[in-house]
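Residue strings, one per chain:
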Amino acid sequence: MAAHLSSGRVNLTALREAGRRELREFLDKCAGSKAIVWDEYLTGPFGLIAQYSLLKEHEVEKMFTLKPGRLPPADVKNIIFFVRPKLELMDIITDNVLREDRGRSPQRDFHILFVPRRSLLCEQWLKEQGVLGSFIHREQYSLDLIPFDGDLLSMESESAFKECYLESDQTSLYHAAKGLMTLQALYGTIPQIFGKGDCARHVANMMIRMKREFPGSQNSIFPVFDTLLLLDRNVDLLTPLATQLTYEGLIDEIYGIQNTYVKLPPEKFAPKKQGEGGKDLPTEPKKLQLNSAEELYAEIRDKNFNAVGSVLSKKAKIISAAFEHEQGLTQVMDFLRKGTMPRLLERLSSLCRSCPTCRRRGARWPTTPPSQSSSKTSPHPKISLII
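Residues numbered from 1 in each chain as written. Predicted model: local features only at pLDDT ≥ 70, side-chain atom pairs only at ≥ 80, totals over all residues. Heavy atoms only, no water.

As a further point, take the pattern of salt bridges. On inspection of all chains with the given rule, the structure shows 17 salt bridges. Via salt bridges that share partners, Arg16, Glu17 and Arg20 belong to a single interconnected network. (Salt bridge = Lys/Arg side-chain N within 4 Å of Asp/Glu carboxyl O.)

What follows is the structure in structure tokens.
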């Protein structure tokens, strides 16, 4: 399931497992059947940490989206709110709890999990509304650095820049420092830290202070990372405005990638059958996960878009040649017995998923074999820390 996290230079599975362990410990505190009420913003990041199967193992039977009004009916003992520490969300939770108490349904226990930090201001607000005592457990879940791929971590904090530079709120810097401390606890202390910008200096100073305040955070693990580079976003404000020209970058520009998932137009995947006149076309967008677990995507994701067509054409010719090579009944049976056919079909399916995005940009599909002297160098493994 997490093969893409171990495919890079650093095995990030340990970071994911640490997050899953913390989540399991909290769920186990709420004995009995459970229903989770999600802050919709958190569903994507949490999906990268724990799938529904893990929640189901810990007696999670229902999941709802946080919204005003009475909670949907659910025959469970515990209602758990997974929310960000925002006052507007506390108003919705207050409405949910008050409506539930007035109902005729059996009494249920309420719990609240603040992500990524517990907020005294939010708790005071709940107290003023008269519902704070309804929550048996009020805890926090440190969702700091989320492993997206074998070379990418993200905090998924979209408002961090605005908070730092417009609101003078350094909370996101604290969470960046805390996430980096967690990373060092798992992968060893990073010996060299370089940075540029005031926010980078603040993060480095927070990390130094955390080491002094928590001496036990030092470990004897041989460091996996030899250098940490901290950069302020305001050091380079132009790069985010430039159009991305890699395969993955253009998918993000055109369709948008959210938490490693992209939704593609359904008509791009409609089967082309003669005589149907466009009947029974799919109406729901095709949702695909994009990460290095898929071999073909890992190969073309960082390539310039002009080079993608020749790579896909070459892959198609290799797959076609492999099918044509296996002839005769005996050879076909051996072909299936070796498991080669499923692998080819998987590669063919991957190729077909990659092609619609190319056609969307109007790229020319090569009709002649690519040059034999084309470069075959593999992308250099890398690890990115986005703070």
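That shown, we press on.
Those residues of helix α2 (residues 40-49) that sit buried are Leu42, Pro45, Phe46, Leu48 and Ile49. Buried residues along α2 cover an arc of 150° about the axis, so they all sit on one side. On its buried face, α2 sits against α1 (13-29), β1 (34-38), β3 (78-83), β6 (146-149) and β12 (286-289). (Buried < 20%, exposed > 50% of the residue type's maximum accessible area, 1.4 Å probe, protein only. Helix = DSSP H or I, 4+ residues; strand = E, 2+ residues; numbered from the N terminus. Arc of directions from axis to C-beta. Contact = heavy atoms within 4.5 Å.)

The subject of this paragraph is the sheet that holds strand β10 (residues 257-258). The sheet built from 3 strands is open, its strands ordered β10-β11-β12 with antiparallel pairing. Sheet topology places β10 and β12 at the edges, where each strand pairs with a single neighbour. (Pairing = 2+ DSSP bridges.)

With that settled, the discussion passes to unusual backbone geometry. Glycine aside, residues mostly have negative phi, and peptide bonds are mostly found in the trans state. That bond from Val115 to Pro116 is cis: its omega, 5°, falls within 30 degrees of zero. By secondary structure assignment, the location of Pro116 is in the loop between β4 (109-114) and α5 (120-128). We note that Glu156 has phi near 50°; this positive angle belongs to a residue other than glycine. By secondary structure assignment, the location of Glu156 is in the loop between β7 (152-154) and α6 (160-165).

Turning our eyes to something else, we now look at the pairing of β1. Look at any regular strand and the pattern is simple: side chains alternate between the two faces of the sheet. The buried count for β1 comes to 5 of 5 residues, which makes it a mostly enclosed element. The side-chain alternation of β1 yields two buried faces, one formed by Lys34, Ile36 and Trp38 and the other by Ala35 and Val37. Two elements, β1 and strand β2 (residues 60-65), share 5 bridges in a ladder whose sense is parallel. Among the inter-strand pairings, Ala35 is bridged to a residue of β2, identified as Lys62.

Below, the discussion takes up α5. Taken residue by residue, α5 has Cys122, Glu123 and Leu126 as its buried positions. Viewed along the axis of α5, the buried residues span an arc of 100°, placing them on a single side of the element. Along α5, exposed side chains directed more than 90 degrees from the buried face belong to Leu120, Leu121, Lys127 and Glu128. Where α5 begins, one side-chain oxygen reaches toward the backbone nitrogen of Leu121, 3.4 Å away; that side chain belongs to Ser119. (Polar contact = N/O pair within 3.5 Å; in protein donor to acceptor, adjacent residues only side chain to side chain.)

A word on the packing of helix α7 (residues 171-187) against helix α8 (residues 198-213). Contact pair α7 / α8: the axes reach a minimum separation of 9 Å and the direction vectors enclose 50°. As the angle between them shows, α7 and α8 are arranged oblique. The handedness of the crossing between α7 and α8 comes out as right-handed. From α7, Leu173, Tyr174, Ala176, Ala177, Lys178, Leu180, Met181 and Gln184 reach across to α8, where they touch Cys199, His202, Val203, Met206, Met207, Met210 and Lys211. (Axes fitted to C-alpha atoms, helices over the stretch in contact; angles between N-to-C directions. Parallel < 35°, antiparallel > 145°, perpendicular 65-115°, else oblique. Left-handed = near helix turned anticlockwise from the far one by under 90°.)

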